[in-house]
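The lines below spell out each chain.
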Amino acid sequence: MLKGRSRRAFLGTATAAPAVILANGPTTPQTRAELAYQVRVEAARRQKEMPEVRHISNGDEQRYPTPFASFAKGLPHDRFGEAEPEAYQQLVRAMTTGEHAEFEAMPMGCGARKFVNPKAGLAYDMVGADSHHLTLPPAPRFEGAEAAGEMLELYWMALARDQPFAEYGSNSILRAACDELSAFNGFLGPRIEGKVTPQTLFRGITPADLQGPFVSQFLLKPINYGAQYVDQRIRTSRPRADYLTDFPGWLAAQNGCAAPPVNYDPTPRYVRNGRDLAEWVHRDVVFQAYFNASLILLNQPDPDAAATRSGIAAPLAASNPYLASRNQDGFGTFGPPFIQAMVAEVAVRALKTVWHQKWYVHRRLRPEEFGGRVNAVMNGTAGYPIFGDLVRTEALQRVYANHGSYLLPQAYPEGCPLHPAYGAGHATVAGACTTILKACFDESYEIPEPVEASTDGISLHPYAGQARLTVGGELNKLAANIAMARNFAGIHWRTDYSRSVELGEAVAMRLLQDVRMTVQEGFEGFEFTSFRGQKITV
């Protein structure tokens, strides 16, 4: 999100007419070079003159005498599961100086795994906002009720990984999750009339997230990659395959030791539960879901595929300048290649921006690390300041009954990656890429012949509900599915999703601002609906 300035103020700048007057036809090489230079300078000036932001952490790193409340996975840990303070201070020193030698001097635990790309948070860019010009608010504090509410949701997500989304209304585990989260004041996820219900459980932050099937149509409908036809069944992991639930295995993971392979299900399945979603985002290409969505949106329906047609031929956004053209189509600008390339282009800008937040501002610990603190408190081996209501929950007792510990069960053998939790890379990319798609297509277009997966994930069948599923709504749901899939895996928090999608949205807006300055078509600006429901023009 944009800090230090209202969205209205931002849009006042974003919608202003370009100050550089572009030639409408061919020019001499010298003139063209000068005009291209002026466009770049003007775009850079506009980005530079956006109000400065303040990067503020939640203070946990300074609040406590040891780094138990901060991300430290991969560093050497003591036998109780805390990072060695000297090693953590070396990590802080490297982040403070940015010097290559300081990064290389960091002591590691087992050394089998490396920190993921801290330097990306220092990289510059040639288009859109600089990575340091956007920010996130402070993450919830370690000892607060909100962090405890997020952790409670994660314990229930782990317990519910194998429950089909289609059976959320009738499953006893899910009913217990709804009841306990409803009564937990620190839980700030979506509710209906003050209650967490099967229709809100583990869902996203927009009204459309609460409508229709849990899984977005863009994760179910088949895809035409040119002449290739790809259905969306995936290689998922076997049910009940949870990891890092015993303390020795958990401690080895904190030290960055190597992990065993995934225990895969031999049968490909459509996404039908939390475990499938978690595996979808285990090793995906960061913009994969949104590139797939662009193909589904652009392609004509396959007349031979009945209810699982591979395209929906969604109309382009009303702002597209070629809609009114008698004899021109968009292609390199405002056409399919433009849209598809923009989805990939915005993703790397989003990653640079959120990597600065992760490593250089917040360094929020991962849920698996927090689970280690909960386990220590419950076993009486440490007195960490965890919000008291969490330790008295039914979810914790169920996890202990299943695994003999209070550690957060992980969907991946290696647990979380070796970079901090907040913000979330997948969520920031999700916010950025879906914003591009919402700006390029008619968000109100109703998706024809919606589908949902069978409870075993073997087949698709027509969605029988009454909810009207639109392009914009299902893109918002896609962003939530992909971001919250990392929560189903046990490796991210709810606010990692909810705040990071807005950060990605801001990245996309600033990129679109620069793109608007370069085009020669008569164009009034990109229009879309924000995650907060505002009508935006850039």
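Residues numbered from 1 in each chain as written. Predicted model: local features only at pLDDT ≥ 70, side-chain atom pairs only at ≥ 80, totals over all residues. Heavy atoms only, no water.

1. As for the overall build of the protein
Put simply, the rule is: Strands are runs of DSSP state E lasting at least two residues, helices are runs of H or I lasting at least four, and both sets are numbered from the N terminus onward. The atom set for the radius of gyration is the C-alpha atoms, and the globule formula is 2.2 Å times the number of residues raised to the power 0.38. Partly exposed residues are those whose accessible area sits between 20% and 50% of the maximum for their type, while under 20% is buried and over 50% is exposed, using a 1.4 Å probe and protein chains only. The contact rule is simple, with two residues in contact once any of their heavy atoms fall within 4.5 Å. Only the protein chains shown count as cover for residues, and all accessible areas are computed by the Shrake-Rupley method using a 1.4 Å probe. For the charge count, each Lys or Arg is scored as positive and each Asp or Glu as negative, with His and the chain ends excluded. Where a charge lies is defined by one atom per residue type, namely NZ (Lys), CZ (Arg), CG (Asp) and CD (Glu).
The helix and strand tally for the protein stands at 16 helices and six strands. What you see for the protein is a C-alpha radius of gyration of 24 Å, in line with the 24 Å of a compact globule of 538 residues. The C-alpha extent of the protein, read off along each of the three principal axes, is 75 × 55 × 40 Å. Counting over 538 residues, the protein shows a buried share of 59%. Sequence-distant contacts in the protein: of pairs separated by 6 or more residues, those separated by 24 or more amount to 77%. Summing over all exposed atoms, the protein offers an accessible surface of approximately 21500 Å²; the carbon and sulfur share of this is 52%. Each charge class in the protein can be summarised by its mean position, and for the 53 positive and 55 negative side chains these summaries are 2 Å apart.

2. Quick look at the nonpolar core
When a protein is soluble and globular, its nonpolar side chains tend to lie buried together. Stated precisely, the cut-off is as follows: The set of buried Ala, Val, Leu, Ile, Met, Phe, Trp, Tyr and Cys residues whose side-chain atoms join them within 4.5 Å is what this entry labels a nonpolar core.
Judged by nonpolar contacts, the single largest core of 144 residues is most densely connected at Trp156, Phe202 and Tyr290. The dominant element in this core, judged by the number of residues it contributes, is helix 11 (residues 336-362), at eleven residues. Ignoring any residue separated from it by four or fewer positions in sequence, one finds Phe202 in contact with Glu153, Trp156, Met157, Ala160, Tyr168, Leu174, Leu181, Phe214, Met484, Phe488 and Arg494.

3. Looking at the confidence of the model for the protein
This is how the line gets drawn: The score called pLDDT rates the predictor's confidence residue by residue, from a low of 0 to a high of 100.
Averaged over every residue, the pLDDT of the protein is 94; the share at 70 or more is 94%. Taken as a whole, residues 1-18 scores under 50 in pLDDT and shows 45 contacts with residues more than four places along the chain or in a different chain.

4. Quick word on the packing of aromatic side chains
Aromatic ring pairs are reported here in terms of the distance separating the ring centres and the angle at which the planes meet. Short version of the rule: Pairing of aromatic rings covers Phe, Tyr and Trp, the last through its six-membered ring, and needs centres within 6.5 Å; plane angles under 30 degrees mean stacked, over 60 mean edge-to-face, and all others mean tilted. Lysine and arginine charges are scored as sitting over a ring when NZ or CZ, respectively, is within 6 Å of the ring centre and within 35 degrees of the ring normal.
Scanning all chains against the criterion turns up 24 aromatic pairs. Taking 5.5 Å as the distance between ring centres and 65 degrees as the angle between the ring planes, the aromatic pair formed by Phe165 and Tyr168 counts as edge-to-face. What makes Phe165 buried here is its relative accessible area of 11%. Taking relative accessible area as the criterion, Tyr168 reaches 3% and is therefore assigned buried. Consider the rings of Phe202 and Phe488, whose centres lie 5.5 Å apart with planes at 80 degrees: the pair is edge-to-face. Of this pair, Phe202 sits in the loop between helix 7 (172-183) and strand 1 (223-225) while Phe488 sits in helix 15 (residues 471-488), and the two are 286 residues apart along the sequence. With respect to class, Phe202 is no different from Phe488; both count as buried. Here a set of aromatic residues connected by ring pairs shows up, and it is made of Tyr64, Phe68, Phe142, Phe370, Tyr384 and Trp493. Seen from the ring of Trp355, Lys358 lies directly overhead, with NZ or CZ sitting 5.2 Å from the centre. Between the NZ or CZ atom of Arg373 and the centre of the ring of Tyr384, over which it lies, the distance is 5.7 Å.

5. Description of the packing of helix 2 (residues 29-48) against helix 16 (residues 494-516)
The description of two packed helices rests on the angle between their axes and on the distance between the axes. Inclusion rule: With axes taken as lines fitted to C-alpha atoms, and helix axes fitted only over the stretch in contact, angles between N-to-C directions fall between 0 and 180 degrees. Roughly parallel means an angle under 35 degrees; roughly antiparallel means over 145; roughly perpendicular covers 65 to 115; every other angle is labelled oblique. Should the near helix be turned anticlockwise from the far one by less than a right angle, the crossing is termed left-handed; should it be turned clockwise, right-handed. Amino acids outside the nonpolar list (Ala, Val, Leu, Ile, Met, Phe, Trp, Tyr, Cys, Pro) and the charged list (Asp, Glu, Lys, Arg) are all regarded as polar, and Gly is one of them.
Packing of helix 2 against helix 16 leaves a shortest axis separation of 10 Å and a crossing angle of 150 degrees. As the angle between them shows, helix 2 and helix 16 are arranged roughly antiparallel. Helix-helix and strand crossings are classified by hand; for helix 2 and helix 16 the assignment is right-handed. The segment helix 2 lies against helix 16, with Ala43, Arg46 and Gln47 engaging Arg510, Gln513 and Asp514. Considering only residue class, the contact of helix 2 with helix 16 consists of one nonpolar, two polar and three charged.

6. Here we look at the side chain of Lys438
The condition is simple: When a carboxyl oxygen of Asp or Glu lies within 4 Å of a side-chain nitrogen of Lys or Arg, that pair is called a salt bridge. Here a polar contact means two N or O atoms within 3.5 Å. Within protein one must be a hydrogen donor candidate and the other an acceptor candidate, and residues neighboring in sequence count only if both atoms are side-chain atoms.
For Lys438, the position within the fold is in helix 14 (residues 425-440). No salt bridge is formed by the buried Lys438; the nearest opposite charge belongs to Glu505, separated by 4.6 Å. Within polar-contact distance, the side chain of Lys438 engages the side chain of Asn476 at 2.8 Å. In contact with Lys438, not counting residues within four places along its chain, are Glu443, Gly472, Leu475, Asn476, Glu527, Phe528, Thr529, Ser530 and Phe531.

7. Considering the packing of helix 7 against helix 13 (residues 394-403)
Axis separation between helix 7 and helix 13 bottoms out at 10 Å; the angle between their running directions is 145 degrees. Side by side, helix 7 and helix 13 meet where Ile173, Ala176 and Glu180 of the first sit next to Glu394, Ala395 and Arg398 of the second.

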